[in-house]
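Okay, here's what each chain looks like letter by letter:
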Amino acid sequence: MRTAKICLAGAAAAAMVGFLAAPASAAPTDTTTVTFEVEVGTLDIDAPATADLGSGAPGSVITGQLGTVTVTDSRGAADASWVATVTASVFQTGGGSPPETVLPEEIDYWSGPAVGTPPTTGDGTFTEGQLTAGDAAPLSSVTPLTAFTHSGGTGGNSANWNPTLVVNVPLDSIAGIYTGTVTHSVA
């Protein structure tokens with residue numbers, strides 16, 4: 001009887017070892033939840049630090065390009081619309097007396113079309129403020145002039161343009177180098 005119990009115990013132990021040593025059964029598929037974050041960026045405008053439009057006599061017209069202005073929108077917004085505007089200061093030489101002053105309203109601005117490679121990026125609608133020279137409008141130190149707009153679209157986008165300034169030099173202007181600022185803003 002003792003032999004039978006030992007054989008039974010041995011068989012049970014062997015069965016347990018076989019059960020414990022059996023390989024785990026693998027699932028035919030498995031999933032991994034993955035996350036990442038698209039960060040909120042900024043809405044920026046970049047314009048040349050300086051520009052020289054050339055020269056002309058009193059009563060003449062001086063025309064020159066400002067250099068490339070770029071709006072970069074990395075806000076990642078559901079509505080990526082923005083409006084870029086432009087204003088100007090008074091341009092002066094010497095002591096800034098009336099004959100040494102050119103008012104912003106005597107300077108016309110036209111954005112022209114988008115330029116560069118590529119001229120714009122992203123979706124939505126890009127619209128020039130003044131597409132041609134015939135659309136040029138006077139600057140102001142108070143009322144912003146629309147330079148370029150983007151409407152609709154989502155996520156990121158950008159636009160580049162090279163605006164032209166047309167200075168209608170007053171007939172009573174005295175000789176000198178006139179200095180002022182042209183300020184582009186975007187919101």
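The residue numbering used here restarts from 1 in each chain and proceeds along that chain's sequence as written. Totals for whole chains, interfaces and linings use every residue, but because this is a predicted model, local features are given only for residues with pLDDT of at least 70 and side-chain atom pairs only at 80 or more, for both listing and counting. To get the side-chain values, all heavy atoms of the structure are used, and hydrogens and water are removed first.

### Quick word on the overall build of the protein
Runs of E in the DSSP output that reach at least two residues are strands. Runs of H or I that reach at least four are helices, and both are numbered from the N terminus. Looking only at helices and strands, one finds 1 helix and 14 strands in the protein. Relative accessible area decides the class of each residue, using a 1.4 Å probe on protein chains only: under 20% of the type maximum gives buried, over 50% gives exposed, and in between gives partly exposed. Here the protein holds 187 residues, and the buried ones make up 29% of them. Intrachain contacts of the protein at a sequence separation of at least 6 include 77% that bridge at least 24 residues. Approximately 11300 Å² of the protein is accessible, and the part contributed by carbon and sulfur atoms is 60%. Contacts were defined at the residue level, with two residues in contact if any of their heavy atoms lie within 4.5 Å. Surface exposure here means Shrake-Rupley accessible area, sampled with a 1.4 Å probe, where a residue is shielded only by the protein chains that are shown.

### A closer look at the pairing of strand β4 (residues 82-88)
Burial analysis of β4 places 6 of its 7 residues in the buried class, the great majority of the element. Pairs of strands are assigned from DSSP output, requiring at least two bridges between the strands. Both β4 and strand β11 (residues 145-151) contribute to a ladder of 5 bridges, which runs antiparallel. If you follow Val83 over to β11, its bridge partner there is Thr149. The sheet contact formed by β4 and strand β14 (residues 182-186) spans 5 bridges and is antiparallel. Bridged to Ala88 within β14 is Val182.

### Some words on the layout of surface pockets
Estimates place the volume of the largest pocket at around 730 Å³. As defined here, a cavity is a set of points on a 1 Å grid over the protein atoms alone where a 1.4 Å probe fits but cannot get out. A pocket is an open set with protein on both sides within 12 Å along at least five of seven lines, and residues line them when an atom is within 4 Å of a point. Looking at the largest pocket, it is lined by 31 residues, and the ones nearest its centre are Leu53, Gly54, Phe91, Tyr178 and Thr179. When residue character is reported, Ala, Val, Leu, Ile, Met, Phe, Trp, Tyr, Cys and Pro are called nonpolar, Asp, Glu, Lys and Arg charged, and the others, Gly included, polar. Tallied by class, the residues present in the lining of the largest pocket amount to 20 nonpolar, 10 polar and 1 charged. Grid points are joined across faces, edges and corners, and a volume is the space filled by probe spheres set on the points.

### So, the sheet that holds strand β8 (residues 120-121)
Strand order across the open sheet formed by 4 strands is β1-β3-β12-β8, with antiparallel pairing between neighbours. At either end of the open sheet lies a strand with only one pairing partner, and these are β1 (43-46) and β8. Pairing analysis gives 6 bridges linking strand β3 (residues 69-77) to strand β12 (residues 155-161), with the strands arranged antiparallel. Residue pairing for β12: Val71 is matched across the bridge by Ala159.

### Some details on the packing of aromatic side chains
Classification of ring pairs uses Phe, Tyr and Trp, with its six-membered ring standing for Trp, and accepts pairs whose centres are within 6.5 Å; under 30 degrees between planes counts as stacked, over 60 as edge-to-face, and the remaining range as tilted. According to the stated counting rule, one finds 1 aromatic pair in the structure shown. Taking 4.7 Å as the distance between ring centres and 15° as the angle between the ring planes, the aromatic pair formed by Phe148 and Trp161 counts as stacked. Of this pair, Phe148 sits in strand β11 while Trp161 sits in strand β12, and the two are 13 residues apart along the sequence. Each member of the pair, Phe148 as well as Trp161, is classed as buried.

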